[in-house]
Structures are given as C-alpha cells and as structure tokens.
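Remarks on the overall topology
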Amino acid sequence: MTTLGRILIVEDDPNDVELTMTALADYNLANEVVVTRDGQQALDYLYCRGNSAPAPATIPLSCCSI
C-alpha cells in the first residue's frame, strides 16, 4: 500500500491558493493539501507546534510569482 504525502502550500493570497487548488484538482491528485498563510504557520505545522496536525510525509509546494 502506498501512502500519499500531504502537499503543503504556504501562501498569503487567497486568489493564489484558489488558483493552485484548481490546478491540483485538474490533475486529480488524491493528496491531502494543507494551506498555511505564512512561514511561521508553515514551520509550526512542520514541527507539530501548537494546534497543528502531525506533518509526516509532507511535500512542500513552492509557487513564487516574480
């Protein structure tokens, strides 16, 4: 049995999150997607600090606009 990794999106713009989620849905990915709004929230999630869920097998996704 193959375990799917979670995809971690760190993005503060809701429009970019929606666009990314739409693109991922177009590829029918079954991975769970976790969205954080900034680097601190992402680190809290990755290190399981605070109320964050465990983060094993997380795949960071970087979408940088220039």
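Our structure's up above, just so we're on the same page.
Heads up: these notes are all about the structure in this document. (Residues numbered from 1 in each chain as written. Predicted model: local features only at pLDDT ≥ 70, side-chain atom pairs only at ≥ 80, totals over all residues. Heavy atoms only, no water.)

Our next topic: the overall build of the protein chain. Within the protein chain one finds 2 helices and 3 strands. The order of α-helices and β-strands along the protein chain, N terminus first, is β-α-β-α-β. Residue burial in the protein chain is summarised as follows: out of 66 residues, 23% are buried. The long-range share in the protein chain, meaning contacts at least 24 apart out of those at least 6 apart in sequence, stands at 65%. About 5000 Å² of surface is accessible on the protein chain, with carbon and sulfur atoms providing 56% of the total. (Helix = DSSP H or I, 4+ residues; strand = E, 2+ residues; numbered from the N terminus. Buried < 20%, exposed > 50% of the residue type's maximum accessible area, 1.4 Å probe, protein only. Contact = heavy atoms within 4.5 Å. Areas by Shrake-Rupley, 256 points an atom, 1.4 Å probe, with all protein chains shown as cover.)

Secondary-structure assignment places Glu 11 in the loop between strand E1 (6–10) and helix H1 (14–26). The buried charged residue Glu 11 lacks any salt bridge partner; its closest oppositely charged side chain belongs to Arg 37, at an N-O distance of 8.0 Å. Of the polar contacts made by the side chain of Glu 11, one reaches the backbone nitrogen of Asp 13; its length is 3.0 Å. (Lys, Arg positive; Asp, Glu negative; His and termini not counted. Salt bridge = Lys/Arg side-chain N within 4 Å of Asp/Glu carboxyl O. Polar contact = N/O pair within 3.5 Å; in protein donor to acceptor, adjacent residues only side chain to side chain.)

Counted by the stated rule, this structure contains 2 salt bridges. Measuring nitrogen to oxygen at the nearest pair gives 3.0 Å for the salt bridge that ties Glu 32 to Arg 6. Separated by 26 residues along the polypeptide, Glu 32 in the loop between H1 and strand E2 (33–36) and Arg 6 in strand E1 bring together distant segments of the chain. Glu 32 gets classed as partly exposed once you look at its relative accessible area, which sits at 45%. We note a salt bridge from Asp 44 to Arg 49, for which the minimum N-O separation is 3.0 Å. A relative accessible area of 23% places Asp 44 in the partly exposed class.

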